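Below, each chain spelled out in residue letters.
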Amino acid sequence: ALSRCAHWFSETQEHRRQLDDWVARIRDEVLEHLPQACWNGPWSPADRLPGHCHFSFPGLQGEALVNQLSLKGFAVSSGSACHSAQLAPSR
C-alpha cells in the first residue's frame, strides 16, 4: 500500500507542476497580447488553486467575453460560481 501511495503522490506532484506551467504560460501570453488585462490573484503557484487563472478585462462586457471564449472551447466564467446564473456582479 505504501508504494501505491508514493506512486500516487509522485503523479499528483507532477500533474501539479504541469498545471502550474500551463497557468504561467496562459498568464504570460494574455498579459503580453492584451496589455489592458489585469491578472488577479497571487503570482506564486503555491498560493493559488492548481489550474486556476483569474483575469479582469476593463471595458469588456463579461457575458460577451464568456460567450466568445466558450465558442473557442475555453471553460470560463464571469463572476463567482454561487451567482453563475445571475448577470449582476456577486458580492
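What you are looking at is a predicted structure, and each value in this text was computed from that prediction instead of being measured. (Residues numbered from 1 in each chain as written. Predicted model: local features only at pLDDT ≥ 70, side-chain atom pairs only at ≥ 80, totals over all residues. Heavy atoms only, no water.)

**Quick notes on the overall build of the protein**
Phase 1 of the analysis: Check the secondary structure of the protein and you find two helices and two strands.
Phase 2 of the analysis: Going from the N terminus to the C terminus, the protein shows its helices and strands as α-β-β-α.
Phase 3 of the analysis: Within the protein, buried positions represent 12% of all 91 residues.
Phase 4 of the analysis: Of all intrachain contacts in the protein linking residues separated by at least 6 positions in sequence, the fraction that spans at least 24 positions is 36%. (Helix = DSSP H or I, 4+ residues; strand = E, 2+ residues; numbered from the N terminus. Buried < 20%, exposed > 50% of the residue type's maximum accessible area, 1.4 Å probe, protein only. Contact = heavy atoms within 4.5 Å.)

**Here we look at the packing of aromatic side chains**
Phase 1 of the analysis: Per the stated rule, a full pass over the model turns up three aromatic pairs.
Phase 2 of the analysis: With a centroid separation of 5.8 Å and 35 degrees between ring planes, the pair formed by Phe-55 and Phe-57 is classed as tilted.
Phase 3 of the analysis: Cation over ring: Arg-27 sits above Trp-39, and NZ or CZ is 5.6 Å from the ring centre. (Phe/Tyr/Trp six-rings, centres within 6.5 Å; stacked < 30°, edge-to-face > 60°. Lys NZ or Arg CZ within 6 Å of the ring centre and 35° of its normal.)

**Some remarks on the pattern of salt bridges**
Phase 1 of the analysis: Here the structure, examined in full by the defined rule, presents three salt bridges.
Phase 2 of the analysis: Arg-27 is the salt-bridge partner of Asp-28, the closest N and O atoms lying 3.2 Å from each other.
Phase 3 of the analysis: According to the relative accessible area criterion, Asp-28 is partly exposed, its value standing at 41%. (Salt bridge = Lys/Arg side-chain N within 4 Å of Asp/Glu carboxyl O.)

**Quick notes on the nonpolar core**
Phase 1 of the analysis: Counting residues in each nonpolar core, the largest one holds six residues, listed as Val-23, Val-30, Ala-37, Trp-39, Phe-55 and Phe-57.
Phase 2 of the analysis: Here Val-30 is in contact with Ala-37, Phe-55 and Phe-57, once residues within four sequence places are set aside. (Core = buried A, V, L, I, M, F, W, Y, C linked by side-chain atoms within 4.5 Å.)

**Quick word on the environment of Phe-57**
Phase 1 of the analysis: Examined against the element boundaries, Phe-57 turns out to sit in the loop between strand 2 (55-56) and helix 2 (62-71).
Phase 2 of the analysis: Here the alpha-carbon distance between Phe-57 and Gln-36, two residues 21 residues apart in the chain, equals 6.6 Å.
Phase 3 of the analysis: If near-sequence neighbours (up to four positions away) are discounted, Phe-57 is found in contact with Val-30, Leu-34, Ala-37 and Leu-65.

**A closer look at the environment of His-15**
Phase 1 of the analysis: Structurally, the position occupied by His-15 is in helix 1 (residues 2-33).
Phase 2 of the analysis: According to the relative accessible area criterion, His-15 is partly exposed, its value standing at 47%.
Phase 3 of the analysis: Considered as a pair, His-15 and Gly-51 are 36 residues apart in the sequence and their alpha carbons are 9.9 Å apart.

**Observations regarding the confidence of the model for the protein**
Phase 1 of the analysis: Per-residue pLDDT for the protein has a mean of 81; in total, 78% of the residues score no lower than 70.
Phase 2 of the analysis: Per-element confidence in the protein is highest for strand 1 (residues 38-39), whose mean pLDDT is 92, and lowest for helix 1, whose mean pLDDT is 83. (pLDDT = per-residue confidence, 0-100.)

**Side note on the side chain of Arg-27**
Phase 1 of the analysis: Along the chain, Arg-27 falls in helix 1.
Phase 2 of the analysis: For Arg-27, the contacting residues outside a window of four places in its chain are Trp-39, Trp-43, Arg-48 and Phe-55.

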